[in-house]
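Letter by letter, the chains look like this.
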Amino acid sequence: MDIEIFDAERAARHLERFADILRNAVHGGALVDYILPFELETARAYWRGVIQSVADGERVLICALVGGDLAGTVQLYLSPEPNARHRAEIYKLLVHPAHQRQGLGEALMRAAEKEARRHARTVLLLDTAQGSTSERIYRRLGWQEVGVVPRHFVDPHGEPRSSVYMMRFLD
């Protein structure tokens, strides 16, 4: 497994794979903002926005490659506000189903923390579905729960779910 940072140009070349990873995640029940039905074109549109954000320098796109195949990704959003330049947010930790349970999620999160430090970010924030695999990964990596928002969003099938807000201080 290799962890690499994709610039906008490289990400654009992998648009279809990014869309496939997101679509698989939603169809697999992942709680990543979307509900069913979820079409490939919606996934492409989402990733076009991410690619533009990468080009604008607002976020870092961290990718896991297995045998040269894009297998997972996470985003580090760099808060641009003058009073928040010490802070970043984690968005959409996604691993393709064929590559899950191989440590990619943890490796991507460690890389995100490394990138945050490189950008002088000392406070990281994220939200995740309560009781999810991601929540367990974040806790294992030392993230602390800030609070829970009951019925904060609906899962891909429209059922209400709670969000856990988490944070991590970096040295």
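It should be noted that the structure appears before, not after, this text.
Definitions and limits used
Residues numbered from 1 in each chain as written. Predicted model: local features only at pLDDT ≥ 70, side-chain atom pairs only at ≥ 80, totals over all residues. Heavy atoms only, no water. Pairing = 2+ DSSP bridges. Helix = DSSP H or I, 4+ residues; strand = E, 2+ residues; numbered from the N terminus. Axes fitted to C-alpha atoms, helices over the stretch in contact; angles between N-to-C directions. Contact = heavy atoms within 4.5 Å. Core = buried A, V, L, I, M, F, W, Y, C linked by side-chain atoms within 4.5 Å. Buried < 20%, exposed > 50% of the residue type's maximum accessible area, 1.4 Å probe, protein only. 1 Å grid on protein atoms, 1.4 Å probe; cavity = no way out; pocket = protein on both sides within 12 Å on 5 of 7 lines; lining within 4 Å. Points joined across faces, edges and corners; volume = space filled by probe spheres on them. Nonpolar A, V, L, I, M, F, W, Y, C, P; charged D, E, K, R; others polar.

1. Remarks on the sheet that holds strand E1 (residues 2-6)
What the 7 strands build is an open sheet, ordered E1-E2-E3-E4-E5-E7-E6; its pairing is mixed. Edge positions in the sheet fall to E1 and strand E6 (144-154), since each of these pairs with one other strand and no more. Pairwise comparison of adjacent strand axes, ignoring direction, gives a mean angle of 25° for this sheet. Alignment of strand E4 (residues 87-95) against strand E5 (residues 123-129), held across 3 bridges, turns out to be parallel. Of the residues in E5, the one forming a bridge with alanine 88 is leucine 124. The sheet contacts of helix H2 (residues 15-27) involve E1, strand E2 (59-66), strand E3 (69-78) and E4, and relative to E3 the element is tilted by about 85°.

2. Things to note about the nonpolar core
Formed by 26 residues in total, the largest nonpolar core has its most connected members in Val74, Leu76, Ile90, Met109 and Trp143. For this core, the secondary structure elements donating two or more residues are E2, E3, E4, helix H4 (104-118), E5, helix H5 (133-140) and strand E7 (160-169). If you tally residues by element for this core, the top one is H4, at 6 residues. Excluding residues within four positions of it along the chain, leucine 76 makes contact with Glu58, Arg59, Val60, Ala88, Glu89, Ile90, Ala112, Glu115, Ala116 and Leu124. The next biggest cluster of nonpolar side chains, apart from the first, holds 24 residues, and it includes Tyr34, Val54, Cys63 and Leu70.

3. A few points about the environment of alanine 129
With respect to the helices, strands and loops of the structure, alanine 129 is situated in strand E5. Excluding its chain neighbours within four sequence positions, the residues that come into contact with alanine 129 are Leu31, Glu135, Phe153, Arg161 and Ser162.

4. Regarding the layout of surface pockets
Taken as a whole, the largest pocket holds about 1,100 Å³ of empty space. Mapped onto the lining of the largest pocket, the elements with two or more residues apiece are H2, E4, H4, E5, H5, E6 and E7. Considered class by class, the residues forming the lining of the largest pocket number 20 nonpolar, 14 polar and 9 charged.

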